[in-house]
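What follows is the residue order along each chain.
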Amino acid sequence: MPVHYDDKFARFTLETANTCYVMQILFDKYPVHLYYGKKDCHGGISYQNPYKSFSPYFDEHGLSYSPDIGMAEYSYFGSGDFRITPLRIKNKNGDSVTHFTYDGYRIFDGRMNLPRLPYSEADSDTQTLELSLLDSVSGCSLKLFYTVFPNEDVISRYALVENESGAPVTVEKIMSLMLDLPTSDFDMISLYGAHNAERSFQRVPLFHGVQSVMSRRGASSHQYNPFTALCAKNATERDGDVYGFNFVYSGNFLSETEVDQTGFTRVSLGLGSENFNWLLEDGDSFITPEAVMTYSKNGLGGMSRNFHRFVRAHILPPEPFEKRPVVLNTWEACYFDIDEKEMLRFAKSAADTGIDMLVMDDGWFGARNNDKAGLGDWYVNKNKFRDGLKSFVDRVKAYGIKFGIWIEPEMVNPDSDLYRAHPEWCIRCTDRNSTLSRNQLVLDMSNRDVVEYLKKSFSDSFDGISIDYFKWDMNRHMSEVGSPALPPERQGETAYRYMLGVYDLYRWFTKHFPGAMIENCSGGGGRYDLGMMKYSTQIWTSDNTWPKKRMKIQYSSTLAYPTCTMSCHVSNPKNICKNPDELKYRWHVALNGPLGYEMHLPNADDLIKATVKAQVEAYRSYEHLILRGDFYRIFSPFDSNYYAYYFTDAQHTEFLLSFEQSYGESAARVYLKIPEADENARYFDTVSGDIFDGRTLVNGIEVKTRETDPYSVMWHFVKTK
Ligand code: DGJ
C-alpha cells in the first residue's frame, strides 16, 4: 500500500512507483520532514537540527529542536520559524500566533472530497494520510492531507482548519503545500508572460531569500502560471532531479520558495494572504484547494510526463465524443461581424473540408456588435439570426457537423440590459468607482443570486438546442475587489468565493448540458490551470496564433500540462496565406495539440480548401499520439530558433517527430534523436513513404536548418518489424 506507518520510529512513508516521501513525528509532537525523492534512497536518513544562534527552541527539548532549523511538514506564523510559513490564524486573543502539535493520524483509501472545489479523482490505488494537529491556545485543529497517486508519481496536498475555540477566528493565510528540501542546489523554473505571450520559460538559480510567483488578478493569469519546478542545476530534458509543483485552482495564488540560513529550501504553494482571508465562526472549518507535486530523476521530460499522465487520469473530464472535434472558429476571420447567412457559409465550408465543428465566437447575442455592449445579455441577436438560435443551429447541423458557441458568463458591459437591471451584481468596493477593462465589469460570482440568474439565463437561451461545445471566455482581471453581497468583515473572502461561484456554474454546465464539451479561454491562455482542466476538455492556448511565437507558448505549456489540453489552431484569418507550403508550416506548428482553424474558409480558394481537407485527414492518423501519447521534447525554442519534439505510444511502435524553425539562420546540422526507438527494427515513415533504420532514429535524424523561413518538417514512423 502506498502509505505506511512505522510505529517504532513514528515514521510515515508515502510511496509511489518511483518516488518516496518520509516524515517523522518528533518527541510525539512535531511532524518533521525527512525525505522526498527517488525511491529506495532514504535508508539511514534521520532528523538533523543543529542549533543555530538566534533560533528559538522549546526548553523541554533543550537545543535539540528548533522550529527555525531543519525540515518541517508544515509551519506556523509567529511560532519561532522565521522562514515563510503557510499558516496564519488571527485567534480570539487578537494575535496571529499558533503552535500546532501532533494529535494522531488516519490512513484511508481514496481521498477527501473538497466541497465546491475542483480536485483530482482517486482511483483504486489512491490512498490518503491525514495528520491531525492541535493548538490549544487558539482552540483550532489542523488536518494535513497527503493523497498518494502511486501510478503517476504524484502526491497531492491540502489542509483543513477547524475552529473549536468558542469564538470567531480569522484565517489570514493557509497554504495547501509546504515542502522542505535539504539543499538549495537548484534552478527554479517558472512560467511568466502576458496576454499574447503566455507561459514564457524562465530558469534561474535559487538564491538566498524568497522567490515568488503569484497572481493578484482574480485569475491564475497570463502573467504567472501556478506551475513551478525545482531542478538540479545539471538537469536536462532527460536526466537529473526535478520536483514539479502545481495548484488545482484558477484564482489568486502564491508560490513561494525560500533558501534559508542553512542552505535548505522551502516551497509553499496555495492561496496566499494578500487577497484572501476567511472569517471562521466557532464550529466551522475551512479546507484549502489541492496542490500537487511530483518528483522525477528523468529530467524535465520525466516530470512533465508524470504530470501529463496524472492530469489525463485524474483531472480532465471524460472525453465527450468518440473523436476530439477539429473546429473552425470564426473569431479571427469575422470578429463581431457575424450573421446567420455568413455563419452558414462557414458551416458548409467546414463540412466540405472534413472539419467536425463550427464554433461561433463572440458577437451572436444582445447588442454585441463590438466589445462595448451586450455582455450579460445571453439571448440571440434577432437582427443577425432572424429565426432564432435553434433554427440556425438546426441548419448548421443539417451539414452533418457539430456546433459550438462562445460565452463569457462572468462578465457584464455597463451597456447591457443585465447591468441596467442589476448594477449591484458587480464586483466592487462600497463608495468607490470601479475601473473598466475591455469596457467590462466582473459579475459578483460570490453572490449566489448572480450564479442562479446565470443558470436560468443560459437555460432559457440554450435548452432544447443541440449545442456540442461551449467556449467559456473571461476577458478581464479583477480590480477594486469587494462584494456588495458580503458584510464588511467578509470582504476579504470575495475573490475566493468568486471562484467557488465560477466552479458552481461550471459544474452546472457539465450537468445541465451533458455531452457538451467546454473549451476554457481567458483572452487566450489566461486561465491555463488545473482547476479549469477539471471541467474543460481543452484550453485556448493563446490569442497569439502566429506560429513563430506560438511554438514558444506551446513548448512551455507542455512542461506542466498534457498536449491534449492545448487547443492549437491553424490561423489564416484573411486568407493572406495562399501558398499551401506556408499553410503546411502553420499546420505543423499546430500539430502539438487538438487541431482547429481560424480562417475565412468560405472565401478561401480551392487550393487552400483542398490543403485544409488533406491536413484534417492526415491529423486523423496522428491524433491518437497527439492526444494520448507520451511526449518528449528535444529542442527548446527558448534555447535556439527551432522547436523539436516527438510523441510515441506506450510500446514505442510509432513516433510522430516534428522539427519547426522559428526564423531563418545559416545552415547548421541538427540531430533529432529518439532513444526509445528499437535499433534492430525498421520504421516506415508515412509522411515521406521512406523506410528508416532504427539505428538512425536512435543516433539522430539529421536536419539542416535553413536561411529562409518558414521551415518545418515532420515524420510519422511506424515500426515495421
Ligand atoms: C478572447 C479570446 O481569446 C478570443 O479567442 C475571442 O474569443 C475573443 N475573446 C472574443 O471576444
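Summarised in this report is the structure supplied together with it. (Residues numbered from 1 in each chain as written. Predicted model: local features only at pLDDT ≥ 70, side-chain atom pairs only at ≥ 80, totals over all residues. Heavy atoms only, no water.)

Overview of a nonpolar patch on the surface
A cluster of nonpolar side chains, Tyr51, Tyr57 and Leu63, forms an exposed patch at the surface whose accessible area comes to about 290 Å². Topologically, Tyr51 is positioned in the loop between strand 4 (30-38) and strand 5 (87-90). (Patch = residues over 30% accessible without salt bridge, like charges linked within 9 Å, V, L, I, M, F, W, Y side chains within 5 Å. Areas by Shrake-Rupley, 256 points an atom, 1.4 Å probe, with all protein chains shown as cover. Salt bridge = Lys/Arg side-chain N within 4 Å of Asp/Glu carboxyl O. Helix = DSSP H or I, 4+ residues; strand = E, 2+ residues; numbered from the N terminus.)

Section: the packing of aromatic side chains
As enumerated under the stated definition, the model contains 68 aromatic pairs in all. On the numbers, 5.3 Å between centres and 55° between planes, the contact of Phe286 with Tyr496 is tilted. In this pair, Phe286 is assigned in strand 19 (residues 285-287) and Tyr496 in helix 7 (residues 494-512), connecting sequence segments 210 residues apart. For Phe286, a relative accessible area of 3% gives the class buried. Where Tyr632 meets Tyr646, the ring centres are 5.0 Å apart and the plane angle is 10°; that geometry is what we call stacked. Here Tyr646 lies in strand 32 (residues 642-648) and Tyr632 lies in strand 31 (residues 630-635), a separation of 14 residues in the sequence. Note on accessibility: Tyr632 and Tyr646 belong to one class, buried. Lying across the ring of Phe77, Arg88 places its NZ or CZ 5.3 Å from the centre. Lying over the aromatic face of Tyr555, Arg633 brings its terminal NZ or CZ to 5.8 Å of the ring centre. (Phe/Tyr/Trp six-rings, centres within 6.5 Å; stacked < 30°, edge-to-face > 60°. Buried < 20%, exposed > 50% of the residue type's maximum accessible area, 1.4 Å probe, protein only. Lys NZ or Arg CZ within 6 Å of the ring centre and 35° of its normal.)

Some points on the site of the ligand
Around the ligand, the surrounding shell holds 13 residues, and the nearest of these are Asp361, Asp362, Lys471, Asp473 and Asp543. Between the ligand and the protein, one listed contact pairs an oxygen atom with a side-chain N or O atom of Trp406 at 3.0 Å. Between Arg438 and the ligand, the recorded distance is 2.9 Å, taken from a side-chain N or O atom to an oxygen atom. Across the complex, the protein chains shield 98% of the 290 Å² of accessible surface that the ligand would expose by itself. Of the residues assigned to the shell around the ligand, the class counts are four nonpolar, three polar and six charged. (Near = heavy atom within 4 Å. Polar contact = N/O pair within 3.5 Å; in protein donor to acceptor, adjacent residues only side chain to side chain. Nonpolar A, V, L, I, M, F, W, Y, C, P; charged D, E, K, R; others polar.)

Some remarks on the nonpolar core
Judged by nonpolar contacts, the single largest core of 186 residues is most densely connected at Trp364, Phe392 and Tyr597. The biggest single contributor to this core is helix 7, with 10 residues. Every residue in contact with Tyr597, bar those within four places of it in the chain, is listed here: Val326, Val327, Leu328, Asn329, Ile355, His569, Val570, Trp587, Val612, Gln615 and Val616. With 22 residues, the next largest nonpolar core counts Tyr632, Tyr646, Phe692 and Leu697 among its residues. (Core = buried A, V, L, I, M, F, W, Y, C linked by side-chain atoms within 4.5 Å. Contact = heavy atoms within 4.5 Å.)

Points about the sheet that holds strand 31
Read from one edge to the other, the open sheet built from six strands follows the order 31-32-33-38-35-36, with strand pairing classed as antiparallel. Strand pairing shows two members of the sheet lacking a second neighbour, strand 31 and strand 36 (691-693), which therefore form its edges. Strand-to-strand twist across the sheet, computed as the mean angle between neighbouring axes with direction ignored, equals 25°. Across seven bridges, strand 32 lies against strand 33 (residues 654-661) in antiparallel orientation. Bridge pairing in strand 33 links Tyr642 to Gln661. (Pairing = 2+ DSSP bridges. Axes fitted to C-alpha atoms, helices over the stretch in contact; angles between N-to-C directions.)

As for the pairing of strand 3 (residues 19-26)
Of all the eight residues making up strand 3, eight are buried; the element is thus mostly covered by neighbouring parts of the structure. Taking every second residue as pointing to the same face, both faces of strand 3 are buried, with Thr19, Tyr21, Met23 and Ile25 on one and Cys20, Val22, Gln24 and Leu26 on the other. Alignment of strand 2 (residues 11-15) against strand 3, held across five bridges, turns out to be antiparallel. Pairing of Leu14 across the sheet is with Tyr21, part of strand 3. In this antiparallel pair of consecutive strands, strand 2 and strand 3, the connection spans three residues. Looking at chain direction, strand 3 and strand 4 are connected through eight bridges and run antiparallel. Paired with Ile25 across the two strands is Pro31, which belongs to strand 4. Where strand 3 folds back on strand 4, the antiparallel hairpin that results is connected by three residues, among which Phe27 adopts a positive phi of roughly 50°.

A word on the sheet that holds strand 29 (residues 566-572)
Strands sit in the order 21-22-23-26-27-28-29-30 around a closed barrel of eight strands; the barrel is parallel. Along the sheet, successive strands turn relative to each other by an average axial angle of 30°, direction set aside. As judged from the five bridges shared by strand 29 and strand 30 (residues 595-599), these two strands associate in the parallel manner. Bridge pairing links His569 to Gly596 in strand 30. Across the sheet, helix 4 (residues 388-397) is in contact with strand 22 (357-360) and strand 23 (402-407); its angle to strand 23 comes to roughly 140°. Here helix 9 (residues 547-560) sits on the sheet and contacts strand 28 (538-540) and strand 29; the angle it forms with strand 29, its principal contact strand, is near 175°.

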